[in-house]
Amino acid sequence: MLQVNYIRENREKVLERLSVRRFKQVELVDEIIQLDDERRQTQTSLDNLSAIANAAAKQIGELMRNGKKEEADSIKAETTANKDKIKQLSEQLSAAELKLQHLLVQLPNLPHELVKTGNTAEENEIIYVHGEPAQIHEGALPHWELTAKYDIIDFELGTKITGAGFPVYKGKGARLQRALINFFLDHATAQGYREVQVPHLVNEASCFGTGQLPDKEGQMYHSTVDNLYLIPTAEVPVTNLYRDVILKEEELPVKNCAYTPCFRREAGSYGAHVRGLNRLHQFDKVELVQIAHPEQSYQVLEGMSVYVQSLLKELGLHYRVLRLCGGDMGFPSAMTYDMEVWSAAQQRWLEVSSVSNFETYQSNRLKLRFKGTSGKTQLAHTLNGSALALPRIVASIIENYQTPEGIRIPQALVKYTGFDLID
RNA sequence: GGAGAGUUGGCAGAGUGGUCGAUUGCGGCAGUCUUGAAAACUGUUGAGUGUAAUAGCUCCGGGGGUUCGAAUCCCUCACUCUCCGCCA
């Protein structure tokens, strides 16, 4: 959520930055400014009346103590007349605040200067490509056939237990999954991230804090009896650890990582692109979350990007890095890098990580601040990135490393799997 | 699931209608003393809004009510703890 004062003072800049997203509702900005003006006027009137009422109440208290009941009664009569006005103004004020909040959450974050104007995925900038497409043999199979052939992931069984998009991992498939999780967690820990284990269900306040609500209501599984949501990403619980927190400046950057399953309804997705592991309702992911000083957050973003790439290199995968254009970025993000790995058998790029700087968009909602040496408290910057999302990594490993003899395991993973071939 | 107790500043913990944004202790910060540190002593120490700076205003779990006036009384919701039951 953008800060109202910033919008008031930088109207032109806000409009200009929003245009990078091709954000259409420009009049929303003016509506916000106008509503805020009204809100401030109401606030001022209310404050002035309250000041009078407070003074009167204090005076009455004093008179009563001194036994001057009659004088007190006459002031009482006076101040009673103001009560209705105060009540009316305070109702007006909370209505304006509610409306303002409602409008503010409709504004996405302002893209960083480097983010290119654009609407769709085709307009994303390719900023780096690593490696070459894996050479796979004649008759190579897509992963959904390989997983059946070697009996390592069972989609039908998952459908029986739950439904489409909830696969069952079996034998070496399950162990590969577990190996990757440990591989990712060990590497993150070595990079100075603290590992945390967090709840997989979160409340409304947490969803609001990171921006899933009210925006992405329909994308989350909702347990209505208890009003809890299954996490769509560890970002939600991990970032919310710091909701309503004031950090010390010297504590920054705060680095946490977590492994969790992620649950997404993916309503409306269908077709060949969602086959096999490409898009699931439940999947595993190791997530990085950092809280950074505003002056350092873009260095932190670059660092996270470099780190994610180092994982892909170790796994020997051909990948590319995109800087998303304005229109393709998520609502709360100011800059996002997507990492995509090449899937040799499907002949397409698969997104395996998304690394974003949210600047103060989340921290403003979270009331996540830090106190500087000057004693001033200000909003911190939040960032997160997948490192990494498992299913597509698994898909590309088994497709790219398939041989007529079986699926080889990338060297770096062998000490985690305990085997080097799936056959 | 049943019964009871509670929710106050970084923490502990007073405060049951009026100079209470809140006694006190611990912690933090600054100073005195010291070669330095500790101890002791002194001062200071919540967040937000607002202003040129003051002032003013808001916040004692959330929401609502009573009252001239609410941390304090009433209603309601949420959460926490204790005991019992059940249980990995």
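Rules used in this analysis
Residues numbered from 1 in each chain as written. Chains lettered and ligands numbered in written order. Predicted model: local features only at pLDDT ≥ 70, side-chain atom pairs only at ≥ 80, totals over all residues. Heavy atoms only, no water. Pairing = 2+ DSSP bridges. Helix = DSSP H or I, 4+ residues; strand = E, 2+ residues; numbered from the N terminus. Axes fitted to C-alpha atoms, helices over the stretch in contact; angles between N-to-C directions. Core = buried A, V, L, I, M, F, W, Y, C linked by side-chain atoms within 4.5 Å. Buried < 20%, exposed > 50% of the residue type's maximum accessible area, 1.4 Å probe, protein only. Contact = heavy atoms within 4.5 Å. Salt bridge = Lys/Arg side-chain N within 4 Å of Asp/Glu carboxyl O. Domains from an automatic or database assignment. Buried area = accessible area lost by both parts, 1.4 Å probe. Nonpolar A, V, L, I, M, F, W, Y, C, P; charged D, E, K, R; others polar. Disulfide = S-S within 2.5 Å. UniProt positions renumbered as here; feature names shortened; annotations may be inferred. Polar contact = N/O pair within 3.5 Å; in protein donor to acceptor, adjacent residues only side chain to side chain.

**Quick notes on the sheet that holds strand S14 (residues 369-371)**
- Taken together, the 3 strands give an open sheet; going across it, the order is S8-S14-S15, and neighbouring strands pair in mixed fashion. Both outer strands of the open sheet, strand S8 (246-248) and strand S15 (377-379), are each paired with one neighbouring strand and no more. Averaged over all adjacent pairs, the angle separating strand axes in this sheet is 35°, with direction ignored.

**What about the nonpolar core?**
- Counting residues in each nonpolar core, the largest one holds 63 residues, and the members touching the most others are Leu180, Phe184, Leu312 and Ile393.
- With 8 residues, the top contributor of residues to this core is helix H10 (residues 297-314).
- For leucine 312, the contacting residues outside a window of four places in its chain are Leu317, Tyr319, Met339, Val341, Val352, Leu388 and Ile393.

**Some points on the pattern of salt bridges**
- Taken as a whole and judged by the stated rule, the model has 17 salt bridges.
- Here arginine 17 makes a salt bridge to glutamate 16, at a shortest N to O gap of 3.2 Å.
- Aspartate 36 serves as the salt-bridge partner of arginine 39, at 2.3 Å between the closest nitrogen and oxygen. In this pair, arginine 39 and aspartate 36 are both assigned in helix H3 (residues 27-65), 3 residues apart and thus about one turn of the helix distant. Taken individually, arginine 39 and aspartate 36 each receive the classification buried, so the pair is uniform in this respect.

**Things to note about the sheet that holds strand S19 (residues 421-422)**
- Strand order in the open sheet made by the 3 strands is S17-S18-S19, with antiparallel pairing throughout. Looking at the sheet topology across the chains shown, the edges are occupied by strand S17 (402-403) and S19.
- Across 2 bridges, the pairing between S17 and strand S18 (residues 406-408) is antiparallel. The partner of glutamine 402 across the bridge, within S18, is isoleucine 407.

**Digging into helix H2 (residues 11-20)**
- Of the positions making up H2, those classed as buried are Val14, Leu15, Arg17, Leu18 and Val20.
- Looking at the buried positions of H2, the neighbouring elements they touch are helix H1 (4-9) and H3.
- Arginine 22 sits one or two positions beyond H2 and adopts a positive phi of about 60°.

**Details of the domain arrangement of chain A**
- Along its sequence, chain A is organised into domain 1 (4-104) and domain 2 (121-422).
- The interface is formed by 4 residues belonging to domain 1 together with 8 residues belonging to domain 2.
- Where domain 1 abuts domain 2, roughly 440 Å² becomes buried across the two surfaces, and 38% of that area is made up of carbon and sulfur atoms.
- Taken together, the connections running from domain 1 to domain 2 amount to 0 salt bridges.
- Here the side of domain 1 that touches domain 2 is built from residues that sort into 1 nonpolar, 1 polar and 2 charged.

**Let's talk about the state of the cysteines**
- Evaluated as defined, the whole model comprises 0 disulfides.
- Cysteine 207 takes part in no disulfide bond, and the closest cysteine sulfur, belonging to cysteine 262, lies 13 Å away.
- The buried category is assigned to cysteine 262, whose relative accessible area is 0%.

**Remarks on the UniProt feature "binding site: ATP" (unreviewed entry) in chain A**
- Per the UniProt record, "binding site: ATP" (unreviewed entry) is found at Arg264, Arg265, Glu266, Glu351, Val352, Ser353 and Ser354.
- Within the secondary structure, arginine 264 sits in the loop between strand S9 (254-263) and strand S10 (282-292).
- Looking at arginine 264, the relative accessible area reads 26%, which means it is partly exposed.
- For arginine 264, the contacting residues outside a window of four places in its chain are Gln219, Tyr221, Pro232, Thr233, Leu280, His281, Phe283 and Lys285.
- At a separation of 2.9 Å, a polar atom in the side chain of arginine 264 contacts the main-chain carbonyl oxygen of proline 232.

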